[in-house]
Amino acid sequence: MDLKRFLVFAAFLLHATLGFPVQENHENSTTTTEPTEVTTQEDIYESPSPTETEPEDDIIFNKILEVNKGSSQYLQEGDIAPQRTRSAINCRHCTWPQSSDGIVRVPYVLDPTYEESHIKGIHDAMAEFETLTCINFVKRKTERDYISIKSADGCWSNYGKVGGGQTVSVMKGGCMWKGIIQHELDHALGFLHEHSRSDRDKHVKIMWEYISPADRPDFKKFENSNNLGLPYDYASVMHYGPYTFSNTTGKATIVPIPDGSVHIGQRQGLSNLDVAKINKLYNCNCCSTILDAPSGSLRSANHPRNYSDNTNCVWLIRTRSRKISLHFQAFELQKTRGCQGDYVKVYDGSSKSSAVLMDKTCGSKIPNGLVSSSNLILVEFVTDGADTASGFQATFTSVRTQRKRSIHY
């Protein structure tokens, strides 16, 4: 028996013994013999592929602290470069100005050392602010006040507008996750960490016995903070994790009360309350919702009763799977030529500059189901001042993917 026949025979013997399917590799057609790829199918929820590999933990701030251990920058609360003693959300002249059209334009410049993938990651993080709030990050022309996004030594920012060019450090070697970038940009917009709120003791207990004296100032509470009349947010992109600055392995420094099992911190990005706080501080007239569960539903206001005139709302569906499936159960919109009046439009991403999954749609025919190419879908609903109808209702679910496992022999 020649060598080739022997190898084929051995492969099928292994297949029969182990019960694995044998699959030929045709992905790269070359004259070189490649190892046979043997796969098993496993249903899992995949995490999206960010600019860099996802951190193993679920807390944005844990990764920030890890990266900032090597920073030479003096930092308060782990990632804030102080300019002067003040509470960012209770200060004067430290918010960015709002234009007459209601948009808050924040000029920025990018470090020329960033590569294309880094720039895309930063733009993707900015896109969610622009989709969900009235904040727009615009390339600086001649503006005096602007943010300079640099690959400095760590993940850190000033807080609030401090005047002139101010640094937001997003280091290439460790800060290129969407949630981290949004955390630092949120500081620059004028927000401190959630645990620093004046009312934090009603919502969390600080376990001082597990915090070293040198780290205790990082748990300072701002007695005169302006909490904007909005609830405390355990899921804020600005919240410390439960073990932040712990000096004893396994001992939490922040414990939710009255229910200690409540999860605090996350890595996905802005929460609905983060968005609400930005919109309230900056007087944004925005209708936006984040849907970040593995599955759920959305509908026009008042459905199945008629929706209102002059509506402009968006739903950002953001899951941890690689893809999302969206299905409409009900659909009844005023029909106009080219759907220039009332319409639903669906984007394959987190902003209106993303590829279009479903162009402007109106009338009473239920649209076909849609599947995104990533873990993000944006649904836009616009109405004019004319007649209304009952609107729409839709459901979404994470799409399970198949993972390949390779065995080489």
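Residues numbered from 1 in each chain as written. Predicted model: local features only at pLDDT ≥ 70, side-chain atom pairs only at ≥ 80, totals over all residues. Heavy atoms only, no water.

Draft legend 1. A look at the overall build of the chain. Each helix and strand in the chain was counted, giving 5 helices and 20 strands. Accessible surface, the chain as shown: approximately 20600 Å² in total, 49% of it carbon and sulfur. (Helix = DSSP H or I, 4+ residues; strand = E, 2+ residues; numbered from the N terminus. Areas by Shrake-Rupley, 256 points an atom, 1.4 Å probe, with all protein chains shown as cover.)

Draft legend 2. Examining the sheet that holds strand β12 (residues 295-299) more closely. Pairing is antiparallel in the open sheet, where 4 strands are placed in the order β12-β19-β14-β17. Strand pairing shows two members of the sheet lacking a second neighbour, β12 and β17 (370-371), which therefore form its edges. Pairing geometry for β12 and strand β19 (residues 391-399), over 5 bridges, is antiparallel. Along β19, the bridge assignment pairs G296 with F396. (Pairing = 2+ DSSP bridges.)

Draft legend 3. The arrangement of the packing of helix α2 (residues 60-68) against helix α4 (residues 178-189) in detail. Look at α2 against α4: their axes get within 9 Å of each other, and the N-to-C directions meet at 80°. In terms of their interaxial angle, α2 and α4 are classed as roughly perpendicular. Along its contact with α2, which presents I60, F61, K63 and I64, the element α4 presents G179, I180, H183 and E184. (Axes fitted to C-alpha atoms, helices over the stretch in contact; angles between N-to-C directions. Parallel < 35°, antiparallel > 145°, perpendicular 65-115°, else oblique. Contact = heavy atoms within 4.5 Å.)

Draft legend 4. Representation of the side chain of S225. Looking at the element boundaries, S225 is found in the loop between β9 (204-206) and β10 (254-256). A distance of 2.9 Å separates polar atoms of two side chains, one belonging to S225 and the other to N227. (Polar contact = N/O pair within 3.5 Å; in protein donor to acceptor, adjacent residues only side chain to side chain.)

Draft legend 5. Inspection of the side chain of D186 at higher detail. By the secondary structure assignment, D186 is in helix α4. Within the buried core, D186 has no salt-bridge partner, and the shortest N-O distance to an opposite charge, that of K277, equals 7.9 Å. If we skip the residues at most four places from it in the chain, D186 touches F129, F191, V237, M238 and I278. (Buried < 20%, exposed > 50% of the residue type's maximum accessible area, 1.4 Å probe, protein only. Lys, Arg positive; Asp, Glu negative; His and termini not counted. Salt bridge = Lys/Arg side-chain N within 4 Å of Asp/Glu carboxyl O.)

Draft legend 6. The arrangement of the nonpolar core in detail. F137, I147, I149, L185, L189 and Y282 are the most contacted members of the largest nonpolar core, which totals 59 residues. In this view, Y282 contacts T95, W96, Q98, V104, C134, I135 and L189; residues no more than four positions away in its chain are not counted. Residues L291, Y307, V346 and F396 belong to the second largest nonpolar core, which totals 26 residues. (Core = buried A, V, L, I, M, F, W, Y, C linked by side-chain atoms within 4.5 Å.)

Draft legend 7. Quick peek at the packing of helix α3 (residues 116-132) against α4. As a packed pair, α3 and α4 sit with axes 9 Å apart at the nearest point and diverge in direction by 55°. Between α3 and α4, the crossing angle belongs to the class labelled oblique. For α3 against α4, the interelement crossing comes out right-handed. Together, G121, I122, D124, A125, M126, E128 and F129 of α3 and K178, I181, Q182, L185, D186 and L189 of α4 make up the contact between the two elements. Broken down by class, the residue content of the contact of α3 with α4 amounts to 7 nonpolar, 2 polar and 4 charged. (Left-handed = near helix turned anticlockwise from the far one by under 90°. Nonpolar A, V, L, I, M, F, W, Y, C, P; charged D, E, K, R; others polar.)

Draft legend 8. Representation of the sheet that holds strand β5 (residues 135-139). Taken in spatial order, the 5 strands make up an open sheet running β5-β4-β6-β8-β7, and their pairing is mixed. The sheet is open, and its two edges are formed by β5 and β7 (155-157), each paired on a single side. Direction aside, neighbouring strands of the sheet carry axes that sit 30° apart on average. Pairing analysis gives 3 bridges linking β7 to strand β8 (residues 165-170), with the strands arranged antiparallel. Considered in β8, the bridge of W156 is made with S169.

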